[in-house]
Structures are given as structure tokens and as C-alpha cells.
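If you want the building blocks of each chain, they are given just below.
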Amino acid sequence: MTVQNDSPAAVDPGGDHIVVLGRDSRARTEHLGGKAARLGEMLAAGLPVPPAFCLTTELFRRFLDDTGLAKEIEEAAGTGFAAIRKEITARPVPEPLARAILGAYEELGRPRVAVRSSASKEDSAAQSFAGQHDTLLDVQGDDAVLDAVKECWASLWSDRAAVYRDDPASVGSIAVVVQEMVHADASGVLFTVDPMNGRPHRMVIESCWGLGEGLVSGKVTSDLFVVDDRDFTLAENRVRYKVTKCAAVEPGRTGMVKVDPELRNAPSLTHDQAIELARLADRVRESYGAEQDIEWVLRDGTFYLLQTRPITTRPSTETHHSPYITKVSDKVRTRTLWSRMDIGEIFVGRMSPLGISFAQYYQQNIHGGCAKAIGMRDHGDMDLHMGYLQGHVYLNVSYTSYMLSQAPATKDQSVFTERFASEEVDLGEYRNPFGQWPGGVNGFLSATHWLRDTVVEMATMKKRAKKMASSRLAEFDRAKRIDLKTLGRRELNGEFQRYLRYCYAMNVGYMPYYINAFGFYDVLSELCGKWLGDEGTNLQNHIKTDMSNLRTVESARDMWDLAQAAKKDPEVLRIIRETPLGDITAALQASSAGRSYLSRHLDPFMRVNGTRGRQEMELTHPRWIDDPSYVFQMIRRYVADDAVSPDATLQQSRGFTEQDSAAVLRKLPGSRRAVLKKVIGLYSKCSELREITRMAMITSVWLVRNVVYEVGRRLVEEGVLRDLDEVAYLDFEDVRTYLAGDAPAPQVFSRAKLDERRRTYEYHNRLPEPPLTFMGEYDITRALQPVAGGTRLEALGASPGQVVGRARIIEDLAWQADEFQPGEVLIARYTDASWTPLFAIAGGVVTDIGSMLSHSSIVSREFGIPSVVNTKHATQKINTGDMIKVDGDAGTVEVVEG
């Protein structure tokens, strides 16, 4: 294949400039780059690789010489990268080079192509350079191909690639692969050895629907398959519910789209396909004589390999089975009671490495202040209060109950212990390894200290709550006025320190309301049980679930009002219904009616509710103010003709009324009635203030999140992070160090550490959920397996009643809220306050984890819908569309029609 050109500058595509991979063998590897060289080797070996050609480093150097850029780059001497990138993309490709490139494209058949970089050290055994240079997908047409090639060339001067090189000033050279695009039905990665623990004979396949870019970026859910390479049998498979996939959304552009409902529960690979892929990978491994990391796609039942590289990371294994972060005696380690049940309803679920490191910051810098705020004279050893296992935060129930027993009101440790123990542990033989708080002078001093602080707290709690509520709106308004992008590092650190101080104050201020509400409820439960029997149970449940002042239900009311305001304006309603979620805000701003709706309705709503989000101590999760997709989804749902307001649902669910409560209380003697009314009043007031101040607490976390993501934005610009998704792998302490000093970002945030934290996070995501509560240590090898058959689950009935309805699995609230139909049974791993609007239209609720006092249980009881929690496997064993029966009395969930 030769392009005819009478000019002495003509390019010979069959020489050192353009190489048809798998056919031309004369080009040296250093001219092809690592990726292209390996693709050529696989093609030559007869492996199924889409056809491709490579623009070698020699052609790239020719481009630089012919355009005069070589001299400019030499003069830049390692600086001015941004200017060089701009110049490369702006310069036209000289005509002889363009003709050669397009000639090769013509011979390929001018299909849609993927244009990928292939740097000289890329995909080597030492470094993978994964994600450091550009890839452009679904490119078609002469001009688009030439532009994409220039983008790849220019990426050699990206900050992120410079950071990754051993010597950032040493640029080297780059080749470009132009490969026929495969619009994958499914795609993923296969490791010929387990990349996390190095266990032999385990080929690990991660597979998702659509293009693999969604999997690489961590934006989609994947299935997991493990094949034993000794006999090529499927040793393990875990099919997850897959809501989104990466796909071509228009020519030359890919993006996230929803997976078809019928495919969400379906495995992205069949059993036979997983085995076929493993056998194919074995051929690749045998060809190279080393363990491989292979990217693959599946189209119309045929596999194609897109890339292979040596596994560049040393496998590591988590050997510890205890959440302790410090060394303790064997007696303490093996007898400690750990729980992750409803820890403030903010540490729910698996957390990112950033989230875990922020929890550790909270443990060391804030938790002691919380202990002081609830009247503890001795705050204890901060290393002992909390622990971490498999990406989850655990409360040390043994140590916490021991510390709380220094106060007379919580001297009985069993009350606290039973509150945080799930049915997974037997407390019959449990003895606190820390013992009982000592008596004598020490005990007397602790008791009087607590009594004094409690008297002061009860006298000042209303005033402090009012101040906290006011401060959070003031801080919100102030934050909205500040553009963090304009601040220098020192100024940004000033804001960060302000937010950390505010976070400390709001968490410490919130804790007494949380503990006091908990304490008064226990007193209420004890008195109702002693004095009223079964009627007392009805009374306390009515009081517990009375959420007339609870912010979580108020937010549902506010969202309903927001929807009704949109419904009154046809233009606004059309925009919200018809515009893609990510573009709704901009579309509203472009409309006169939309701008009015924003200023009169949406902005005030966000000021009050916008800092809400799921897992509110998890810094990686955007709040409603950051990403309003969920709010718009719920507006769409609430404007439907069959939508029922939260208030109407609450009214219908009332079984035990205020009149019933009064009638029960009248049966008591006057003295007991007065005592019980007083306890009810104290509990109600503390609960109300708890919810008011909780919003201040989560607003303070949002403020901290803003600075962390501004740091992340700058790290992306500097090339330290590949994209903002990698913020999840930062260490919060590194963020503090970076802002407090002047060290270069690459010196503070090491790529090796980021990659190790990413691998650990991916490993945790592959593991089954650890128990809510356990004693001593937890070994993952003892993890429970899903129940056989999967048609019936027995768990914890959390809200009474029975319902039969269609199941709807919700994995991603923002993407799926508009799919939920009235009367469906909500199936989720867990819920928190941000899910409350869905409860107003749900027929029932089922969760993988939870307890009687978790969010899903409390809100289900308030809305009068059956709920079963802590099923462990509901999201795996039930499919969307299954007809299921939920029995909140018996604690069972049964599929009655598939």
C-alpha cells in the first residue's frame, strides 16, 4: 500500500511511517509504542483483534519537523506544555502526511474507528501508562480522523502524562493506533491471575454492558466471573443489577445511558462465554509467557481483544480480620462487639478510600469533642472508638458502652449493647472485655461531671439548636458567594480550615440531641412496657414514628410542593419532562419561565434541602445542590396523574391516633401519667432538635466536600489525577498536607498510592457484604452464601403489614427515581434520608441491610407500608418485575410470580 506523490517529501506507508498491524513486521517496537506492538503481535498470532494500523513515532517526528513544531518544543525545554498541545491541535496535518494517513484509513474500509495513543513505554512490564494519553472513540470521516490523531499526539504533552513519566521534562515520542471500532454488546477486563491476592488458577473477569470505558472509569456496575484455569470451570460468579452503560450517543461521542430493563438483572456473559473468554486469555498468556491484563469486547457473540499488557501490580492480600486500627490484647480483640448498624445514618454502606480516610479524620479530631459534649469526663482513647473492615466503618460497641457507663443514665451497658446488636450475634455469653467503669472517687467524679453538664445541656439545648439552624443557612449562603476556583492555595486552605472548624462545631453540637433522644426513648420503652403492656408498645411506636417535625419527611413535602409549582407552568413542566437530566438546569436558565421557577421555587428549596445526599459522610457522593438529577427525577414522578402527596399518604397510614394515645394515658394513675407525659415531651423535643441540627451537621460536611473537590479539580488540571472520579482514591490527610504547605502536588499525591487505594476499593467491591454486627474478628472465608433457590427470604420484619406487588430494584437513585411506579415494592441495599420521597409512593420496602431503627424501618412505619430489612441478598435474589409478597409481621419476602 503506497501513496503516490511526486514530492520528495512523500510518505511511504509501508515503511517506517504507517504500519498495518499484524501484516507489516519490519517496524521496530520503539516506533510502534507498547500498545500497537502488542496489538500487532496478537494479530500475527491469529488472535481475534479488530483490524488496525499504526502511525509510528517516525511519522510523528515527521509531523513535528514539517510543521516547525520540533524547534518550538526544543526551545520550550520541558515547559509550556499547554501551549504546545494547543499548537499541535491547531496546525493542519501537512498534505503528504494527511494523504498517507487517509490512504491507510481508506484501506481499512473507512469504518468508525477508535483512535488511541501508543507511547514508547506504554503497556510495558514496568509501567502501563493506563489513561495517561488520549483515546477517542467512534470517530468517522477524514477530517474527524485527522483531528483525533492530532489529539492523541498532543496528549504526549498532557500534565497527567508528564507526571507519570520518570522525568516529566523528557517527552519522548508517541505513536497512534487507528482501529476499527467495535460497538460492544458487552465488554470488560480479564486478569489471568487474581490481581488482588495472587491466588493461583483464578482468572478474574469483570464484565459490563456496553463499552468498557464505563467500567474503567468506575461509572457502571459490573458482573464478576472467576474461572479455574486448571479445568476451565466456573468457580464463582456474581451477577449485579446494572442500571447504566457506556455507549455511543451520537457520532463521535460516547456517554452514559440506561441499560434496557430486561438486561439489568441478566448476566453480561453466559456461562459458556465466560469459559470461552478464559480459554482465549490462556492463549494470550501462553504467547507472552507472563500473566496478562486483557481488555475485551463482545459483539454478536464474538469476542475481540482490544489490549493486553503484563500485570504491573504486585498482588496484595488483606490478612487482618479485626477492625482495630491499633494493637490490643488478644482478649480484647477476640471479644469486642462491633456494629455498623445506623451509625448516625451517615456511615451506612461501603465507603470509598476518601470516605474512609475522612471517617478516620472524624475519629481522631471530632469524636472526642462529641464525647465531651454528652458529659463524658473521660473521652477515652480515640483509636478504640471506631474501626474499619472491608471498606465499612464499624462502631466499637464494647468500648463505647464502657465509656458511656461512666454516666448514671447509661451505666447499664446492656441498653446500648442491645441497641447496636443485630440477630447475627448471640449476646447470651457476651461479656464486655473492657469491663465496667470503676466506682469510688473516679466514678463519683464522672457522675457529678455528667450531671452538671446535662443540666446545662437541658437548659441551653433550644437556644443552641436555633443558633445551629441559623448558622447553617448563613454558611450555605456564604459558600454560594465564593468561587473557590479563584483562590490561591493559601487562601483555599484558609477556607478549608474554616470549614473544618465548622464541621467540628456542628458535629459536636449535634451529638447531645442524638444521644439524649436515644436515652429518653429507652426510658419511654421501659415505662410503657412496665405500666401499659401491649398498649404501651402501640403508644411508643406511635410516638417513635410521629415525624411531623422530622426533616426527612419535610423534605418530601417540600419536593411535592416543588413539583406542583412546576406543574402549574406548562413551559417549566415541558423542560423538566423532556430535557435530559444533566441539561435541565441550563434549559431552565435559558427560559424566562424557567428562570422564574429557579429563583422562586428551586433555589429556596435547595437552600433548605440542597446539602442532602446519600451516605452523607461519604465525600464522593454529590449532594442535591451539586447534582439535582434526583430532584428532577422526583418532580417527574410527583407530577404524574397518579401521584399521591406525602401528607395524603401519611394521613391514610395513621392507625394509632392522638386520641388513641390520650385514651391509653388516661388509664394510668395521675402520678404515672405525669411522669410518662414528661418523658414523652423530652423525647419529642430532643428528636425535633436532633433533626433540626442534623441539617447543620450535614451542611458542614458538604462545605468540606467542596474544598476537596476543588483540590481534585486542580489535580486533574496538573495531571496528577486522570479525572475527577479519581478523587475517590485520595487520602484526606494528603489533602490537608497539600493545602497546608507548598510542596508540588505530585510529591504529595503519589500515583503508586492512588493505584493501590483504587485496587483495594475494587477488591472490597467484589466481596460479599460483611455482617452488620459481629464479635471478635470476621473472616471473609466464613461469609454466608446466598440462600438456595432464592424464592423466599427470611429476615427482620421492620414495619407491619403485608403487600403483594411488583419489585423494583433501585441501585442508583439519581438514574432510576423516575422509573419507580406507585405501589411497587422498593428493593435496595439500604436507604437513607435522601430516599424518603420514594416511600410516599412505595407499596413496601425491602433492604439488604438494616435494623428496627434504621431509616427504612422508621420511615416505612410512618408511611404505614410493610418493610423487611437485613435480608442480605434481596437485591441479588429478586428481579425487577417479580411479583413478590412482603410480610412485615413475619419478616419474610417471597417471590410469588417471576
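Residues numbered from 1 in each chain as written. Predicted model: local features only at pLDDT ≥ 70, side-chain atom pairs only at ≥ 80, totals over all residues. Heavy atoms only, no water.

Engineer: An account of the sheet that holds strand β14 (residues 337-339) is needed here, citing residue identities and associated values.
Structural biologist: Read across the sheet, four strands follow the order β15-β16-β14-β17 without closing on themselves; strand pairing throughout is antiparallel. The open sheet has two free edges, formed respectively by β15 (386-389) and β17 (773-775), since each of these has just one partner strand. Taking the axes of each pair of neighbouring strands and ignoring which way they run, one obtains an average angle of 30° across the sheet. Alignment of β14 against strand β16 (residues 392-396), held across two bridges, turns out to be antiparallel. If you follow S339 over to β16, its bridge partner there is L395. Contacts between helix α11 (residues 353-365) and the sheet are confined to β15 and β16, with β15 contributing the most and set at about 165° to the helix. Sheet strands in contact with helix α14 (residues 397-404) are β14 and β16, and its direction is about 40° off that of β16. (Pairing = 2+ DSSP bridges. Helix = DSSP H or I, 4+ residues; strand = E, 2+ residues; numbered from the N terminus. Axes fitted to C-alpha atoms, helices over the stretch in contact; angles between N-to-C directions. Contact = heavy atoms within 4.5 Å.)

Engineer: Tell me about the packing of α11 against helix α26 (residues 732-740), and please be specific about residues and values.
Structural biologist: Running from N to C, α11 and α26 point in directions that differ by 75°, and their axes come no closer than 7 Å. If you check the angle between α11 and α26, you find them roughly perpendicular. For the pair α11 and α26, contact is made by L354, S357, F358, Y361 and N365 and by F732, E733 and R736, respectively. Counted by class, the contact of α11 with α26 contains four nonpolar, two polar and two charged residues. (Parallel < 35°, antiparallel > 145°, perpendicular 65-115°, else oblique. Nonpolar A, V, L, I, M, F, W, Y, C, P; charged D, E, K, R; others polar.)

Engineer: Which residues make up a nonpolar patch on the surface, and what values do they have?
Structural biologist: A contiguous nonpolar patch, built from V441, F444 and L445 and spanning about 310 Å² of accessible area, is present on the exposed surface. Mapped onto the elements of the fold, F444 is located in helix α16 (residues 440-481). Given the relative accessible area of 54%, F444 is considered exposed. (Patch = residues over 30% accessible without salt bridge, like charges linked within 9 Å, V, L, I, M, F, W, Y side chains within 5 Å. Areas by Shrake-Rupley, 256 points an atom, 1.4 Å probe, with all protein chains shown as cover. Salt bridge = Lys/Arg side-chain N within 4 Å of Asp/Glu carboxyl O. Buried < 20%, exposed > 50% of the residue type's maximum accessible area, 1.4 Å probe, protein only.)

Engineer: Run through α26, naming residues and quoting values.
Structural biologist: Those residues of α26 lying buried are F732, D734, V735, Y738 and L739. Mapping the buried residues of α26 onto a view down its axis gives an arc of 155°, with all of them on the same face. By the N-cap criterion, in which a side-chain oxygen at the helix start approaches the backbone nitrogen of a residue two or three places on, α26 is capped by D731, the distance to E733 being 2.9 Å. (Arc of directions from axis to C-beta. Polar contact = N/O pair within 3.5 Å; in protein donor to acceptor, adjacent residues only side chain to side chain.)

Engineer: Give me the lowdown on the sheet that holds strand β20 (residues 802-809), citing residues and values where you can.
Structural biologist: Spatial ordering of the open sheet is given by β18-β25-β24-β20-β21-β22-β23-β19, a layout of eight strands whose pairing is mixed. Each edge of the sheet is formed by a strand with only one pairing partner; in this case those strands are β18 (792-794) and β19 (796-799). Along the sheet, successive strands turn relative to each other by an average axial angle of 30°, direction set aside. Where β18 lies against strand β25 (residues 892-897), three bridges are found, and the strand directions are antiparallel.

Engineer: Give me the state of the cysteines: which residues, what numbers.
Structural biologist: Cysteine pairs can be covalently joined through their sulfur atoms, and such a bond is termed a disulfide. Considering all chains together, one arrives at zero disulfides under this definition. The thiol of C370 is not disulfide-bonded; the next cysteine sulfur, from C503, is found 9.4 Å away. You can call C370 buried: its relative accessible area is 1%. (Disulfide = S-S within 2.5 Å.)

Engineer: With reference to specific residues and values, describe the pattern of salt bridges.
Structural biologist: On inspection of all chains with the given rule, the structure shows 54 salt bridges. For the salt bridge of R309 with D293, the shortest nitrogen-to-oxygen distance reads 3.4 Å. Of this pair, R309 sits in strand β13 (residues 302-310) while D293 sits in strand β12 (residues 292-299); the two residues are 16 residues apart in sequence, bridging distant segments of the chain. When its relative accessible area of 10% is taken as the criterion, R309 is described as buried. The residue E824 makes a salt bridge to R808 at a minimum N-O spacing of 3.0 Å. Remark: R808 occurs in strand β20 and E824 occurs in the loop between α29 (813-816) and β21 (825-828); sequence separation between them is 16 residues.

Engineer: Tell me about the environment of E616, residues and numbers included.
Structural biologist: Counting through the fold element by element, E616 comes out in the loop between α21 (592-609) and α22 (629-638). According to the relative accessible area criterion, E616 is buried, its value standing at 2%. Along the primary structure E616 and T699 are separated by 83 residues, whereas in three dimensions their C-alpha atoms are 9.2 Å apart. Within polar-contact distance, the side chain of E616 engages the side chain of R694 at 3.0 Å.

Engineer: Could you give an account of the packing of aromatic side chains, with specific residues and numbers?
Structural biologist: One pass over the structure, following the stated rule, counts 24 aromatic pairs. Seen in terms of ring centroids, W296 and F303 are 5.7 Å apart; in terms of plane orientation they differ by 75°. Their pairing is edge-to-face. On the basis of an interplanar angle of 65° and a centroid distance of 5.0 Å, the ring pair of F358 and F732 is categorised as edge-to-face. Of this pair, F358 sits in helix α11 while F732 sits in helix α26, and the two are 374 residues apart along the sequence. Look at F358 and you get buried, because its relative accessible area is 1%. Looking at F732, the relative accessible area reads 0%, which means it is buried. Across from the ring centre of Y288, 4.2 Å away, lies the NZ or CZ of R38, which sits over that ring. The ring of F420 has R419 sitting right over it, with the charged end atom 4.7 Å from the ring centre. (Phe/Tyr/Trp six-rings, centres within 6.5 Å; stacked < 30°, edge-to-face > 60°. Lys NZ or Arg CZ within 6 Å of the ring centre and 35° of its normal.)

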